[in-house]
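Analysis of the macromolecular model
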Amino acid sequence: MIALFGGTFNPVHEGHISLALEVKEAFNFESIEFLPSYISVHRETPEVSAEIRKHLVELALQPYPDLILNSCEIDRHGPSYAIDTVQFMTQKFPQQSICWLMGADSFNSLLSWKNPQGILQKVNMIVCTRPDIKIDSSVFPSHYLNKNESLSDFKSGRIAFHEMQPNRCSSTDIRRQLKQQLSVSGCLPQPVLEFIQRNELYKT
Ligand code: ATP
């Protein structure tokens, strides 16, 4: 099973790392692939370039050999639609089952993504809890994995939920703290913080 973890990662933070490590452990993945977007479709265009966000992910993942960078959305350029990525990955690895990881806020917006049914036809999903976000149980309820089922028994179409150790890190908060020159409260991996400070990113 390939596990894909998409995001803007603007910037990557400890919440992302914890999510990946927890899901890897809980669902027995060999590795988790971080997939930074080139242009995030549902967000303002980040002021920090895709190449730099990708580099920050590389720095953050260095201590974790099983967390790896997948730069296919950045290499593809253009808007980063999950359906395009999923189609690309299923064509490249037709024998493999793909699992798409996300937090509760992303899941709640799933119906506004391009062709969400098409995505679910091709992948399973793992949705992680996030503080103060209530999972919207009206999103594809007939696809939820039952208690007596295992995700590995399904090639696609199943949605599993993972109760995460609550982690309050958020890229929006980090950008705000950096702009106001406040401390970023342990949410940034040290090499990421150093790169940001050295290159004076997120100051404006
Ligand atoms: P922003 O604050 O700008 O919304 P973010 O912190 O959510 O950014 P993204 O790059 O958008 O960062 O997140 C990528 C994925 O990781 C999303 O699916 C998001 O739900 C999930 N995620 C991010 N932070 C956490 C967290 N602290 N706990 C659980 N899931 C998280």
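As the structure is a computational prediction, the values presented were derived from the model and not from experiment.

Within helix α7 (residues 171-179), the full set of buried residues consists of S171, I174 and L178. Relative to the axis of α7, the buried residues are bounded by an arc of 60° and lie together on one face. Exposed side of α7, more than 90 degrees from the buried face: T172 and K179 are the residues found there. Of the surrounding elements, those touching the buried residues of α7 are α8 (190-198).

This paragraph deals with the site of the ligand. The ligand sits among 18 residues. The nearest are G7, G15, G103, S106 and T172. Sorting the residues of the shell around the ligand by element identifies α1 (14-27), β4 (98-103), α5 (104-108) and α7 as the ones contributing at least two each. Here the shell around the ligand gets three residues from one element, more than from any other, and that element is α1. The residue makeup of the shell around the ligand, split by class, is six nonpolar, 10 polar and two charged.

Let us look at the nonpolar core. Residues W100 and L101 are the most contacted members of the largest nonpolar core, which totals 43 residues. Sequence-distant contacts of L101, that is, excluding residues within four places in its chain, are made with A3, L4, F5, L19, V23 and I126.

Conventions used here
- Residues numbered from 1 in each chain as written.
- Predicted model: local features only at pLDDT ≥ 70, side-chain atom pairs only at ≥ 80, totals over all residues.
- Buried ≥ 20, exposed ≤ 12 C-beta atoms within 10 Å, placed from the backbone.
- Helix = DSSP H or I, 4+ residues; strand = E, 2+ residues; numbered from the N terminus.
- Arc of directions from axis to C-beta.
- Contact = placed C-beta atoms within 7 Å.
- Near = placed C-beta within 6 Å.
- Nonpolar A, V, L, I, M, F, W, Y, C, P; charged D, E, K, R; others polar.
- Core = buried A, V, L, I, M, F, W, Y, C linked by C-beta atoms within 7 Å.

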